[in-house]
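# Examining the three-dimensional arrangement
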Amino acid sequence: MNDWLQGFIDLVVQHPHWAGLLVFVTAMAESIVVVGMFVPGTAILIGIAAVAGLGELKLWPLLVWATLGAVAGDGVSYWLGHRYKQQIRATWPLSERPELFEKGEAFFHRYGAMSVTIGRFVPGVRAIIPVVAGVVGMPPLRFYAVNILSAMVWAPAHILPGAGMGLALGVLGSIAGRLVAVLVGVLVFAGLAIWAIHLGVRWIAPGAARRYRRFVAGCKRRGSWVDRAIVYALDPDDPGTSTLIVMGVAVIALARIFVGLAEDVFMREQITRMDAAISTLVQGWRTPALDDVMIAITSLGDGVVVTAVVAAAVIWLFVGRERKLGVGLALTMVLAAVSVPALKSVLSIPRPIEIYSGADAFSFPSGHATSAAALYASLAWLATHNAALRWKIAGFALAGVLITAIAASRVYLAAHWPSDVLAGLTLGLALAAIYALVFRRTDSRTMGPWRLVAVVLATLLVAGGARAYTNFPHALEVYRPRVVETTVTAESWLGGGWADLAAERLELDGSDGGALVLQADVSLAALRQGLIASGWQIAPAGDVVGIAGFLSPKAALDSLPPLPLTHAGRFAGLTMVRETGPASRLVLRFWPTPNLVLESGAPERILLASMTVETVSRPLHLATMLHDREIAATEQLGLLAPLAGRPEWRAETRALGDRRVLLLTRPSPPAPPMPRGESSGDTAP
């Protein structure tokens, strides 16, 4: 996992008592009136519980600390209400939000003593209910009985899901630790953002809104040109103001993402290696039936279909006397059509396969993704921006499914790298957001938004179906799977070509995942035979039965399949194991390459191999987990030394600088028998 995530785990593991105290303080603070509004308690509790799920902390102390903290927090809030009664209403910051106390009182009067239990799980009233219970005079004995019992339910409800999440992340992290660390980072950021928004909406926004309205009202009274400009852009009574804020932020964020992607791709950063790995992985999933489906989907983003949909939408808008909207939509799509080839020509990133000529021969960004995102996001906004929230969600969800399907088809068909598609999506969505900004004051109800949706869907089905039908044979040929292989001679490979092959395993995120210290042009059958004779065993199969073993806390190591690590998007073609103890084993994986060695007329694929150590843990005594650890190159070579004397192959060691590699080659074919009567040596006179 990433250093920051591992650092957090190490810190918590090294100080388990502090972790328990942090759980206590967090659970208590989240239950105290006002204080709980400013503490992201749920996120903290889940994060620490996840460390327990990884097997690094004991679970039951966390449950005890969380329960005690919840009891103490509600107890403090109850004491405040019981001690100060109605005075607490006039105390800041509750005096700023009197409706919160009124809401809590209504909740308490509706559910009585049970409100203390129910309120623990209701974010809007959780921290206020104990105060209300004290103010209205709930007997202490009854309160603490309900308080303790409800805390015993609340604590597991927060700790156990976090532990389960840690368990799942541990399994996934062993396979793709860096990707999981990135995912955890995104989730943490999203959680903090949600908490900050919640805090702002509940406590900061109401007061700020009052001051904001007074400021705009003052601008209206003064009436200078600056004041009029402010009112025009920021009038809270104008429905377009919310669009201005949301879409403005979206444009800035999308532009920043696009520039970052373009910079990384142009400088050939790690993202290009990630592109290659993910593309190779996806190509391994291709089937003829799925190819047909993806070709039909990608046709929906074809220039012919997009043009037909744009024309239909513009004509409908013109007929409905919304000419400005029609012209704006047309200009948005023209910008998309012009910017894509311009960017492709400047960056000149080659496609995974050669399918076009001219500027379209280049890959970054994806034209299909850009056009689809710009068009269908613009239409979704146009049809729903004056509608109720549920229709906004439905409209953008429908557009999102269509855009995502078209974008995914480009990666599946190897027409684009993943970064091309991501850049196209950000560019297209930014153009759609700009369209929404320009026409944010439009009342789309006057031009029949649902009829527009019907026209667009009908045109998409007709034009898309016709395009897929007429162009299908050509598309099937263009997007056929390509197998790129390189054939070399044994002499060139042994003479120095081995140094051109990967020295490190390539993770799916483009980072290095361990030294590849063995190369072989030996068949898998010969490798398997020789390794078995050297004490190795065939790894358990990763079938349903093998995977189900991880669900048992008593699963034996020799029954568990090794973690499915990949190299450059390829899974291992052969995996062998050798136990080094009851809870650890060596795992030797061989990955195929697109390189073939031609020797004696029989080509054999070059395999790259790496050895790791897998250890077993049984977190929470609920399941079994494997942890994979990389082994240094020198240590791997020492462990592989016994393979040098096997008759199934010839073993040679090559070195270049600090890099050393063990090469396993096919043994020389036996010399043909000599005709009877001939001798290879000298004969006596």
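Note: the structure precedes this text.
In this report, we go over the structure that sits alongside the text. Source: prediction; values computed, not measured.

## Some words on the side chain of Thr 370
Looking at the secondary structure, you find Thr 370 in helix H15 (residues 367-384). When its relative accessible area of 0% is taken as the criterion, Thr 370 is described as buried. There is a polar contact of 3.4 Å between the side chain of Thr 370 and the backbone oxygen of Gly 424. Residues contacting Thr 370, with those up to four places away along its chain left out, are Ala 336, Val 340, Pro 365, Gly 424, Leu 427 and Gly 428.

## Comments concerning the pattern of salt bridges
Applying the stated criterion to the full structure yields 11 salt bridges. In this structure, a network of salt bridges that share partners links the residues Arg 585, Arg 589, Glu 614 and Asp 628.

## Some words on the environment of Met 247
Among the secondary structure elements, Met 247 is positioned in helix H10 (residues 240-266). Separated by 183 residues in sequence, Met 247 and Ala 430 place their C-alpha atoms 8.7 Å apart. Residues in contact with Met 247, not counting those within four places in the same chain, are Trp 381, Ala 433, Ala 436 and Leu 437.

## What to know about the pairing of strand E3 (residues 512-515)
Alignment of strand E2 (residues 504-506) against E3, held across 2 bridges, turns out to be antiparallel. Each bridged residue has a counterpart across the sheet, and for Glu 504 the counterpart in E3 is Ala 515. Where E2 folds back onto E3 in an antiparallel hairpin, the turn is made up of 5 residues, including Gly 510, whose phi is positive at roughly 90°.

## Observations regarding the packing of helix H13 (residues 303-319) against H15
Where H13 meets H15, the closest approach of the two axes is 11 Å, and the angle between their N-to-C directions is 25°. Classified by the angle their axes make, H13 and H15 are roughly parallel. Once H13 is placed against H15, the crossing between them reads as left-handed. Residue-level contacts link Val 306, Val 309, Val 310, Ala 313 and Leu 317 of H13 to Ser 371, Leu 375, Tyr 376, Leu 379 and Leu 382 of H15. Split by residue class, the contact of H13 with H15 holds 9 nonpolar, 1 polar and no charged.

## Some details on the nonpolar core
Core analysis: the biggest nonpolar cluster contains 56 residues, and Val 309, Leu 329, Leu 375, Tyr 376, Leu 379 and Tyr 479 have the highest contact counts within it. The residues contacting Tyr 479, other than those within four sequence positions of it, are Arg 286, Ile 295, Thr 298, Ile 355, Tyr 356, Arg 410, Leu 413 and Ala 415. Formed by 25 residues, the second largest nonpolar core is a distinct cluster that contains Leu 588, Val 613, Ile 631 and Leu 643.

## With respect to the packing of helix H14 (residues 323-347) against helix H17 (residues 418-438)
Contact geometry of H14 with H17 gives a least axis separation of 10 Å together with a crossing angle of 155°. Classified by the angle their axes make, H14 and H17 are roughly antiparallel. Read as a crossing pair, H14 and H17 show a hand that is right-handed. Contact residues: H14 offers Leu 325, Gly 328, Leu 329, Thr 332, Leu 335, Ala 336, Ser 339, Val 340 and Leu 343, while H17 offers Leu 427, Leu 431 and Tyr 435.

## Focus: unusual backbone geometry
The omega torsion of the bond from Phe 364 to Pro 365 falls at -5°, within 30 degrees of zero and hence cis. Structurally, Pro 365 is set in the loop between H14 and H15. Positive phi, normally seen in glycine, also occurs at Ser 348, with a value near 55°. Topologically, Ser 348 is positioned in the loop between H14 and H15. Backbone geometry places Ala 568, a non-glycine residue, at a positive phi of 55°. Inspection of the secondary structure puts Ala 568 in the loop between strand E6 (566-567) and strand E7 (570-571).

Reading guide: rules and limits
- Residues numbered from 1 in each chain as written.
- Predicted model: local features only at pLDDT ≥ 70, side-chain atom pairs only at ≥ 80, totals over all residues.
- Heavy atoms only, no water.
- Helix = DSSP H or I, 4+ residues; strand = E, 2+ residues; numbered from the N terminus.
- Buried < 20%, exposed > 50% of the residue type's maximum accessible area, 1.4 Å probe, protein only.
- Polar contact = N/O pair within 3.5 Å; in protein donor to acceptor, adjacent residues only side chain to side chain.
- Contact = heavy atoms within 4.5 Å.
- Salt bridge = Lys/Arg side-chain N within 4 Å of Asp/Glu carboxyl O.
- Pairing = 2+ DSSP bridges.
- Axes fitted to C-alpha atoms, helices over the stretch in contact; angles between N-to-C directions.
- Parallel < 35°, antiparallel > 145°, perpendicular 65-115°, else oblique.
- Left-handed = near helix turned anticlockwise from the far one by under 90°.
- Nonpolar A, V, L, I, M, F, W, Y, C, P; charged D, E, K, R; others polar.
- Core = buried A, V, L, I, M, F, W, Y, C linked by side-chain atoms within 4.5 Å.

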